[in-house]
Structure formats: structure tokens, C-alpha cells
Amino acid sequence: MSNDHTTSMVIDAHQSQSRAAERNETSRTNYVLDLYNSFMEEYRSGSVAYATISLLGQSCLASVAAMVLLMNPSGFSRPVQMIELFLVTIFCMGFNASVLSQQKEKFQVNLLIVSVLVSLTVICLHLF
């Protein structure tokens, strides 16, 4: 009887830890989703101002990524560097075009996020 009770307590503790880990993972997912939604609402509320600021900032970041990419004689081969430069340029131009052609705010924000992530990835790859 005591052995069954101990086994039951161990199983309950394990299930409790599993539920806590699930809640923790769900809360992280909810946090990112909440952050995205709040950013989207903020962007929508002042879309003209935020589009202008985002366009300038993102273009500067992409320019820095291109500069770091071309200045850094890293171990990457030249064709790989040109592909990275192509990606930085395409996503930067894509966001700029989405703002200038007045696409929906959600499309603009998604392109902004992708463009910033691509530029930051290239910068990190070539600086570190």
C-alpha cells in the first residue's frame, strides 16, 4: 500500500512538472504573440508616422548589413556573400515598396520583421 502511494506521488509530481513546463512554454508563446499584436496595433494607430520611421531605420540597417558583408573578408565564398547581399537587398526593397505602394499594415509589419531579421542575421554572421 505504501509503495503504491509513493508511486502515485511520484507520478503526480511528474505530471505537475509537465503541466508547469507546458504553461511556461504557452506563456512564452503567448508573450511573443501578445508583443506582435501590440506592435501591430501601435503600427496601425500611427501608420503614416511609423511607416516613415520604419522605412528609414530599416533601410539604414540593411545598408549596414551590406557594408559589413562586403567589407568583411570572412570564410564565406564570394557566391555565398552575393546570395546574402541579394537577400538583404530584396527584403529591404520589398518593405520599401510595400510602404510606398500603401499595402495593408499587416503585410508591411511582417515584411519589416523579416527584413530586420535578415539584416541582423547577416550582420551577426559577419561580425562574430
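Relevant structure appears above.
Summarised in this report is the structure supplied together with it. Here the structure is a predicted model, which means the values were calculated and not measured. (Residues numbered from 1 in each chain as written. Predicted model: local features only at pLDDT ≥ 70, side-chain atom pairs only at ≥ 80, totals over all residues. Heavy atoms only, no water.)

1. A few points about a nonpolar patch on the surface
What counts here: What makes a patch is a set of residues exposed beyond 30% relative accessible area and free of salt bridges, joined within 9 Å when like-charged and within 5 Å when nonpolar (Val, Leu, Ile, Met, Phe, Trp, Tyr). Method for areas: the Shrake-Rupley scheme with a 1.4 Å probe, in which residue coverage is limited to the protein chains shown. Salt bridge criterion: a side-chain nitrogen from Lys or Arg within 4 Å of a carboxyl oxygen from Asp or Glu. Comment: elements are numbered from the N terminus, with helices defined as DSSP H or I runs of at least four residues and strands as E runs of at least two. Burial classes: relative accessible area under 20% of the type maximum marks a residue as buried, over 50% as exposed, and values in between as partly exposed (1.4 Å probe, protein chains only).
A cluster of nonpolar residues, Ile83, Phe86, Leu87 and Ile90, forms a patch on the protein surface that exposes about 380 Å² of accessible area. Take Ile90: it is sitting in helix H3 (residues 78-100). Look at Ile90 and you get partly exposed, because its relative accessible area is 40%.

2. Digging into the side chain of Ser115
Using the following cut-off: By definition, residues are in contact when any of their heavy atoms lie within 4.5 Å.
Tracing the backbone through its elements, the reader meets Ser115 in helix H4 (residues 105-127). For Ser115, the residues in contact, after removing those within four places along its chain, are Gln58, Phe91 and Cys92.

3. Description of the pattern of salt bridges
Applying the stated rule across the entire model yields 1 salt bridge. Taking the shortest distance from any N to any O, the salt bridge between Arg44 and Glu41 comes out at 3.4 Å. Here Glu41 and Arg44 lie together in helix H1 (residues 2-45), a separation of 3 residues that amounts to about one turn. The class of Arg44 is partly exposed, set by a relative accessible area of 38%. Using a relative accessible area of 48% as the deciding quantity, one classes Glu41 as partly exposed.

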